[in-house]
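Overview (structure and organization)
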Amino acid sequence: MPLPLISLRSIPGTVAFLGCGDLVSDRFCHDSRHVQPGDVFIAIRGVSVDGRNFAANAVRAGAAAIITDRPLPALPVPQCIVRDSRVTRAWIAMAQQNFPAAHLKLAGITGTNGKTTTAWLLRSILRTAQHRTGLIGTIEYSDGLHSRTAALTTPDPEDLAFLMQRMTACEATHCVMEISSHALHQRRCSPLQLSAAAITNITRDHLDYHGSPEAYLASKLLIAELLAPGTPLLLGTDDPGCRTAAESLADVPRRSFGFAADCDLRVQVRKSDSTGQHLQLQLERGAIEINTPLIGTHNALNLLAAAALAERLDVPHAAIAQGLEDVAGVPGRMEAVTAGQPFSVFIDFAHTPDSLRLAMQTLRPMTSGRLIVVFGAGGDRDRDKRPLMAQAVADAEMIIVTSDNPRTERPQQIIDEICAGFTDTSTVTRCTDRESAIQMALQNALPGDTVLIAGRGHETIQQIQNRQIHFDDRRVAARILRELSAMRNT
């Protein structure tokens, strides 16, 4: 299907032209290596690479014009001068799909932890309320009828626009999306208006990209710019990072949610054990009671956030309660693996110091024996968090430090940097091979123990140097448990 012609005079905000009075095209490219004759090249300023430095290459490849945030008078082609070329790229992507987001009610969720579970819960609520709902997030992309494995938590502007176009073609009315700090910083979502939005928490993550906690926080706060007029931002203010965010958002309408008595929206745990929780959720229109198999105080907050977002979308309380109770679990999020073994095994995506600490706090009260933890850290990512991850699990009775996605780093080097955070290594074992580490944990588990396999959750591909290896913690753990069971029964 041919894409429509776009007049760049239609771009919102201040636009100027050099060598022309307007640019009209249906072909845009932001990578000079892929420019075809006649394309309009969008020069994007990235974190490490400035697209303006490659504009001449684009012209030599046949670019007919350039979009840039700074004039390039040395180049002999017409230019459109914009304030932010990343924002312009996102707007063009939506324009080429005839602005599908305008036909959807959008709910956006950001935060270091809890985005995926909250989005999964909110989609369930909306489905219960008979709203066909698309999903964009870490686990999958769905147009409301069909799903596929996600590549990025929040896709690039062209993929995002196409996904939303597919949603409208499938007659979806709502879209729930996780919005990553990268996407916010890169303005991938800048043309969107959110009818409901939440920040779950802001701890430590992605400093390899953002450079500092302050820059990471600033990126998260950009979600406020996406709010539809009058829409309050939901903030999980039990979290110190969200309390700091509130101070920076003094002019933004907002509602706090959490356990604290002074929160606008509150959750109370009526009962909690290894089988689930009974919760009371105090929302703006009154309280609801739910029973859920999702364990842990962090999930209580995720359930509250999803309910609060649904209320902002005018979902009745009965559908909110039923939609929450219908979720038996979220892939790779405190997901139990059972094969008749006399101990518990959980797979969780926890890969930050804070999320590991929360996982430990969740599992400790329901563990009569030892807590055994298998975890690692991703390569080519924030190295400073590695010893902090060790400190988060230091109270476990058995700790196996292994590979996560080492990417281009040496697994042993990553493990060394993690282990530098332990003050006592008597309970720590190093094992670079992840399958062997999982097998060691399961072989050593005794009745009443709990094994936590953390870091990868739902992921099915392990990245080692230039290789991508199929590796699913859930399948590996289940197979090893079956093998151990067969050995015991022979």
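Being a predicted model, the structure only gives us computed values, none of them experimental. (Residues numbered from 1 in each chain as written. Predicted model: local features only at pLDDT ≥ 70, side-chain atom pairs only at ≥ 80, totals over all residues. Heavy atoms only, no water.)

1. Quick look at unusual backbone geometry
To be explicit about the condition: Working definition: helices are DSSP H or I runs of at least four residues, strands are E runs of at least two. Numbering for both runs from the N terminus.
Phi is positive for phenylalanine 99, close to 50 degrees, though the residue is something other than glycine. For glutamate 171, which is not a glycine, the phi torsion comes out positive at approximately 65 degrees. Mapped onto the elements of the fold, glutamate 171 is located in the loop between helix H4 (157–169) and strand E12 (174–178).

2. Some details on the pairing of strand E22 (residues 398–401)
Note the threshold: Per-residue accessibility, obtained with a 1.4 Å probe over protein chains only, is compared with the maximum for each type, and a residue is labelled buried under 20%, exposed over 50%, and partly exposed between these values. Strand pairing is assigned whenever DSSP detects at least two bridges linking the two strands. For crossovers, right-handed means that the path from the first strand over the helix to the second runs clockwise, given strands pointing away from the viewer.
By the alternation rule, side chains of E22 split into Met398 and Ile400 and Ile399 and Val401, which are all buried. Sheet topology note: the strand E21 (residues 371–375)/E22 ladder contains 4 bridges and is parallel. Across the sheet, valine 374 pairs through a bridge with isoleucine 400, a residue of E22. Crossover handedness for the path E21 to helix H12 (residues 385–393) to E22: right-handed. Pairing analysis gives 3 bridges linking E22 to strand E23 (residues 428–430), with the strands arranged parallel. Looking at the pairing, valine 401 lines up with arginine 430 of E23. Each parallel crossover has a hand, and for E22 linked through helix H13 (residues 411–419) to E23 it is right-handed.

3. Brief notes about the sheet that holds strand E7 (residues 79–82)
Adjacent strands of a sheet form backbone hydrogen bonds with each other and so pair up, either parallel or antiparallel. For clarity, the cut-off: Note on contacts: a residue pair is in contact if any heavy atoms of the two residues lie within 4.5 Å. Here, axes are lines fitted to C-alpha atoms. For helices the fit covers the stretch in contact, and angles between N-to-C directions go from 0 to 180 degrees.
Read across the open sheet, the 5 strands follow the order E2-E7-E6-E5-E4; overall the sheet is mixed. Either end of the sheet is taken by a strand with one partner, and the two such strands are strand E2 (15–18) and strand E4 (28–29). Summarising the sheet, strand E6 (residues 65–68) and E7 pair through 3 bridges and their orientation is parallel. When the bridges of E7 are listed, threonine 68 appears paired with isoleucine 81. Here helix H2 (residues 85–96) sits on the sheet and contacts E4, strand E5 (40–42), E6 and E7; the angle it forms with E5, its principal contact strand, is near 130 degrees.

Function cannot be inferred from these measures alone, as they are strictly geometric.
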